[in-house]
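Residues per chain, in single letters:
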Amino acid sequence: MSPSKTPTPLPPVLLGDIKTLIEEGRRQAASAVNMGLTLLYWRIGQRINAEILQGARATYGEQIVSTLSRQLSDDYGRSFGSKNLRHMMRFAEVFPDENIVYALSRQLSWTHFRALLYLDKPLQRDFYAEMCRLEGWSTRVLLERIDAMLYERTALSRQPDALIQQELATLRSKGEVAPKLVLKDPYLLDFLGLTDRFLERDLEDAILRELESFLLELGAGFSFVARQKRIQLDGDDFYIDLLFYNRKLKRLVVVELKQGNFKPEYKGQMELYLRWLAKYETEADENPPLGIILCAGKNNEQIELLELDASGIHVAEYLTVLPPPEVLHRKLHEAIETARARIEAKEGDAGPEKMA
């Protein structure tokens, strides 16, 4: 018998390099298949929609989809049943620009698009599509964000449509995230497990215990820096409740926790913290720090008169116990309409002065 040969030892990095190439090749292949299917579904939807527009009878569309689905299902399987064909038609209807679909399909799968198709408002759809592309959300995460009414809670949703379109266009073309895309109101802190009665220290302790969940609620790009950061000024000590850094905004973010309703004196306290951080902690390539004051309640007229946005301060409510979804939905939409009405009224008051 011939002696068994000892396997030739592999160079240490060879196997790892080959595995990396295989995994990358598989990812690229899967991405190419996803893009191809997504564009195929869009083109099918567009073609059916174009055919139906040529029909003279109201029932023509129903007949076309029914007949087409039977024949395609026989030839290509259940993926082309009538329900999916209607999804494809809706896809081409709400995303009419093939170039945008092509760009989004590099990161978004068909299941992502399915989750977006039946959202009511175009700007709402565009927001979720762009944030999903930028942050690499899975379909499950996207659905969670939609269920949590993320768009309706952003500061962006309170702005006029033209400004929302401008911010989303900047996000799409340059990948630049504006603070209004990140800041929210209210913040949903039901995961803290707090009841109606608690102290500010209890709130801070609960946030630190559930820091991972709190970072997710704050949004993408946040990292924890410090708790009760000490500031010394003229021999006096001040303490910042929570300090974070957001890499997408490239700035420090102060979070101050208040048990009760917002009070005007909170502005001076936050301005002091932000100016100290800007002077002593901000790097040359970073943007000025932002402040978030989390309160149990607030008066919008006070906040408007204090012009907090100009100081880089965002005031928001927090909810430790969530109301029923329909109540939260109604309140958010009322808040959006109220904020937009205030902006329109303010612009209207400024109009004659500008013309003069």
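Note: the structure precedes this text.
Calculation rules
Residues numbered from 1 in each chain as written. Predicted model: local features only at pLDDT ≥ 70, side-chain atom pairs only at ≥ 80, totals over all residues. Heavy atoms only, no water. Pairing = 2+ DSSP bridges. Helix = DSSP H or I, 4+ residues; strand = E, 2+ residues; numbered from the N terminus. Contact = heavy atoms within 4.5 Å. Axes fitted to C-alpha atoms, helices over the stretch in contact; angles between N-to-C directions. Buried < 20%, exposed > 50% of the residue type's maximum accessible area, 1.4 Å probe, protein only. Phe/Tyr/Trp six-rings, centres within 6.5 Å; stacked < 30°, edge-to-face > 60°. Patch = residues over 30% accessible without salt bridge, like charges linked within 9 Å, V, L, I, M, F, W, Y side chains within 5 Å. Areas by Shrake-Rupley, 256 points an atom, 1.4 Å probe, with all protein chains shown as cover. Salt bridge = Lys/Arg side-chain N within 4 Å of Asp/Glu carboxyl O. Parallel < 35°, antiparallel > 145°, perpendicular 65-115°, else oblique. Left-handed = near helix turned anticlockwise from the far one by under 90°. Nonpolar A, V, L, I, M, F, W, Y, C, P; charged D, E, K, R; others polar.

A. Examining the sheet that holds strand β1 (residues 187–188) more closely. Taken together, the six strands give an open sheet; going across it, the order is β1-β6-β5-β4-β3-β2, and neighbouring strands pair in mixed fashion. Of all the strands in the sheet, just β1 and β2 (222–233) have a single pairing partner and so form its edges. Two elements, β2 and strand β3 (residues 236–246), share ten bridges in a ladder whose sense is antiparallel. For R230, the partnering residue across the bridge sits in β3 and is Y239. Seen against the sheet, helix α13 (residues 265–280) touches β2, β3, β4 (251–257), β5 (290–295) and β6 (313–319) and runs at an angle of roughly 150° to β4.

B. A look at the pairing of β4. Taken across its seven residues, β4 has seven buried, putting it largely inside the fold. Burial of the side chains of β4 extends over both faces: R251, V253, V255 and L257 are buried on one face and L252, V254 and E256 on the other. Pairing of β3 with β4, which is carried by five bridges, proceeds in the antiparallel orientation. Paired with F244 across the strands is V253, a residue of β4. In sequence, β3 turns back onto β4 through a hairpin of four residues, with K250 there showing a positive phi of about 55°.

C. Structural view of the packing of aromatic side chains. Per the counting criterion, the structure on display carries 14 aromatic pairs. Summarising the aromatic geometry, the rings of F91 and W110 are spaced 5.3 Å apart at their centres and angled 55° between planes, so their arrangement reads as tilted. Note that F91 is positioned in helix α3 (residues 82–94) and W110 in helix α5 (residues 110–116), a separation of 19 residues in sequence. When the ring of F214 is compared with that of F244, the centres are 5.8 Å apart and the planes differ by 45°; the resulting orientation is tilted. Within this pair, whereas F214 is found in helix α12 (residues 211–218), its partner F244 is found in strand β3, the two being separated by 30 residues in sequence. The burial state of F214 is the same as that of F244; both residues are buried.

D. Spatial organisation of a nonpolar patch on the surface. Together, L10, L14, L15, I18, L21 and I22 give the surface a local cluster of nonpolar side chains, amounting to about 560 Å² of exposed area. Looking at where L14 falls in the secondary structure, it is placed in helix α1 (residues 14–54). L14 gets classed as partly exposed once you look at its relative accessible area, which sits at 38%.

E. The packing of α1 against helix α2 (residues 60–76), seen in detail. It is at 9 Å that the axes of α1 and α2 come closest, and there the two elements cross at 140°. As summarised for this structure, α1 and α2 are arranged oblique, according to the angle between their axes. You can see that α1 and α2 cross each other, and the crossing is right-handed. Across the interface between the two elements, I48, E51 and I52 of α1 pack against Y60, G61, I64, V65 and L68 of α2. Partitioned by chemical class, the residues of the contact of α1 with α2 number six nonpolar, one polar and one charged.

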